[in-house]
Amino acid sequence: MDVFCGIDWAEGHHDVALVDDTGKLLAKCRIGDDLDGYRLLLDLLVEHGDSAETPIPVAIETSRGLLVATLRQGPRKIYAVNPMAASRYRDRHGVSRKKSDPGDALVLANIIRTDAPMHRSLPADTDLAQAVAVLARAQQDAVWNRQQVANQLRSLLREYFPAMIEAFRDKPGTLTRPDARRILAVAPTPALAAKLPIWKLTAMLRRAGRRRGIEADAERIQQLFRQEAPRQLSLVEDAMGKQALALLLQLDAACEAVDDLARATEEAFRSHPDATIMLSFPGIGPQVGARILGEIGDDRSRFATAGGLKAYAGSAPITRASGKRRYVGRRFVKNNRLNHVGHLWAFASLSGSAGADAHYRRRRAGGDWHMQALRHLFNRMLGQLHHCLQTRTPFDEAVAFSSRGGAGVHVGRVGHVIDYAPGGDQ
């Protein structure tokens with residue numbers, strides 16, 4: 001007799017339901033989110049036949065947390081069911097729209113009892129790949145948080161000190177740069193900035209790590225700070241300066257977190273066996289490679305075909321056909337992190353690969369706009385990455401963008417509606 005388990009998880013407790021292959025409820029219970037609760041759950045699974053030879057599959061609406069980590073110890077399959085999909089299955093068991101946590105656990109158990117092939121179990125990634133995923137996502141979140149704080153600081157400076165924004169407007173990183181943060185910490189108001197001598201500005205730029213063009217840049221910044229400009233009232237300006245210093249403390253911490261996580265991410269990524277293959281691709285550096293590895297993992301059985309990987313990344317178009325109408329458009333349900341880093345990868349590859357650049361230009365000449373062409377290039381290179389990882393071979397420019405590979409074939413515009421009715425738009 002096959003047994004299936006469903007768990008409706010919450011912050012303080014979890015509801016568990018076990019059913020057999022006919023859908024009959026075998027057991028249900030509520031466990032706490034602690035070690036005793038996890039032990040009770042494992043004992044309940046063992047009691048109903050769970051073993052290394054015949055593990056009981058588990059459905060749950062999350063792929064993270066200590067409960068999932070505990071259940072993944074062993075050959076047991078864990079199905080992370082999308083909450084939206086689970087709510088649709090709930091309607092199959094009744095039309096009254098009633099809902100309860102034990103009922104949701106029962107629904108989850110029946111999902112994998114009836115439709116397990118339609119859902120993907122959590123991949124069997126190595127510990128190192130999972131660690132890279134944690135670090136890469138944390139570093140990406142830190143970058144987004146840094147930009148959010150920088151935007152808050154910029155909005156404040158626009159109200160009373162626009163010269164500080166202008167001083168670093170054309171510099172990479174703008175206000176997140178070490179020299180910009182160092183100068184703002186010493187002179188958070190226009191009054192204090194106007195009093196800065198050249199020697200002090202030069203010294204701050206050097207301490208921030210600048211090596212070239214220091215004297216000329218110091219003179220430029222001093223001129224900006226001493227130009228006549230609209231000013232807030234003195235007390236208001238001082239108050240805004242204190243607010244800027246408070247935001248600057250947050251920005252300094254965010255920048256330090258980004259740098260620390262970037263170093264840890266690169267170290268973990270370079271120690272992974274897939275790093276050598278990934279770094280052979282144009283446009284992939286340690287940070288981009290770590291983000292890609294973190295999202296696709298290193299379980300090579302996870303994506304049996306390149307098409308599955310492309311769909312997961314959102315680079316492959318999706319077709320909606322009904323009657324005489326057929327629509328081909330981009331995917332909205334996808335791994336957003338992988339899709340985001342894919343565009344960074346495709347854009348960076350334009351300067352590192354003549355084949356990628358030629359492919360991009362052919363797509364633009366065929367009518368694609370910028371993001372469409374990048375998405376198509378990402379789609380193609382993702383298929384190449386899938387092949388190289390499966391065959392354990394590095395990237396080869398001559399093979400990847402050979403004429404035989406069809407790089408010049410234009411396969412149609414994404415986002416078009418094709419109407420086959422007489423007189424329809426085409």
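Residues numbered from 1 in each chain as written. Predicted model: local features only at pLDDT ≥ 70, side-chain atom pairs only at ≥ 80, totals over all residues. Heavy atoms only, no water.

Caption draft 1: Spotlight on helix H1 (residues 35-47). For H1, spanning 13 residues, the distance from its first C-alpha to its last is 18 Å, which sits close to the expected 18 Å at 1.5 Å a residue. Within H1, burial applies to Gly 37, Tyr 38, Leu 41, Leu 44 and Leu 45. Along the long axis of H1, the arc covered by the buried residues comes to 125°, so they all point the same way. Pointing more than 90 degrees away from the buried face of H1 are the exposed residues Leu 35, Asp 36, Asp 43, Val 46 and Glu 47. One or two steps after H1, the chain reaches Gly 49, where phi turns positive at roughly 105°. (Helix = DSSP H or I, 4+ residues; strand = E, 2+ residues; numbered from the N terminus. Expected span 1.5 Å × (residues − 1). Buried < 20%, exposed > 50% of the residue type's maximum accessible area, 1.4 Å probe, protein only. Arc of directions from axis to C-beta.)

Caption draft 2: Examining the pairing of strand E7 (residues 325-329) more closely. Pairing of strand E6 (residues 318-322) with E7 involves five bridges; the strand directions are antiparallel. When the bridges of E7 are listed, Arg 320 appears paired with Tyr 327. Adjacent in sequence and paired antiparallel, E6 and E7 are bridged by two residues, among which Gly 323 carries a positive phi angle near 60°. (Pairing = 2+ DSSP bridges.)

Caption draft 3: Examining the sheet that holds strand E2 (residues 13-20) more closely. Across the sheet, which stays open at both edges, the five strands sit in the order E3-E2-E1-E4-E5 with mixed pairing between neighbours. Of all the strands in the sheet, just strand E3 (25-32) and strand E5 (78-80) have a single pairing partner and so form its edges. On average, each strand axis in the sheet is tilted by 20° relative to the strand beside it, whichever way the strands run. Bridge count between strand E4 (residues 58-60) and E5: three bridges; the pairing is parallel. Each residue of the ladder has a partner; that of Ala 59, found in E5, is Tyr 79. The sheet contacts of H1 involve strand E1 (3-9), E2 and E3, and relative to E3 the element is tilted by about 165°. (Axes fitted to C-alpha atoms, helices over the stretch in contact; angles between N-to-C directions. Contact = heavy atoms within 4.5 Å.)

Caption draft 4: Region of the structure containing the confidence of the model for the chain. For the chain, the average pLDDT comes to 89, and 93% of its residues sit at 70 or higher. Between the elements of the chain, mean pLDDT differs from a low of 38, seen in strand E8 (residues 416-419), to a high of 97, seen in helix H11 (residues 234-270). Counting interchain partners and residues more than four positions distant, the pLDDT-below-50 stretch residues 404-426 has 45 contacts. (pLDDT = per-residue confidence, 0-100.)

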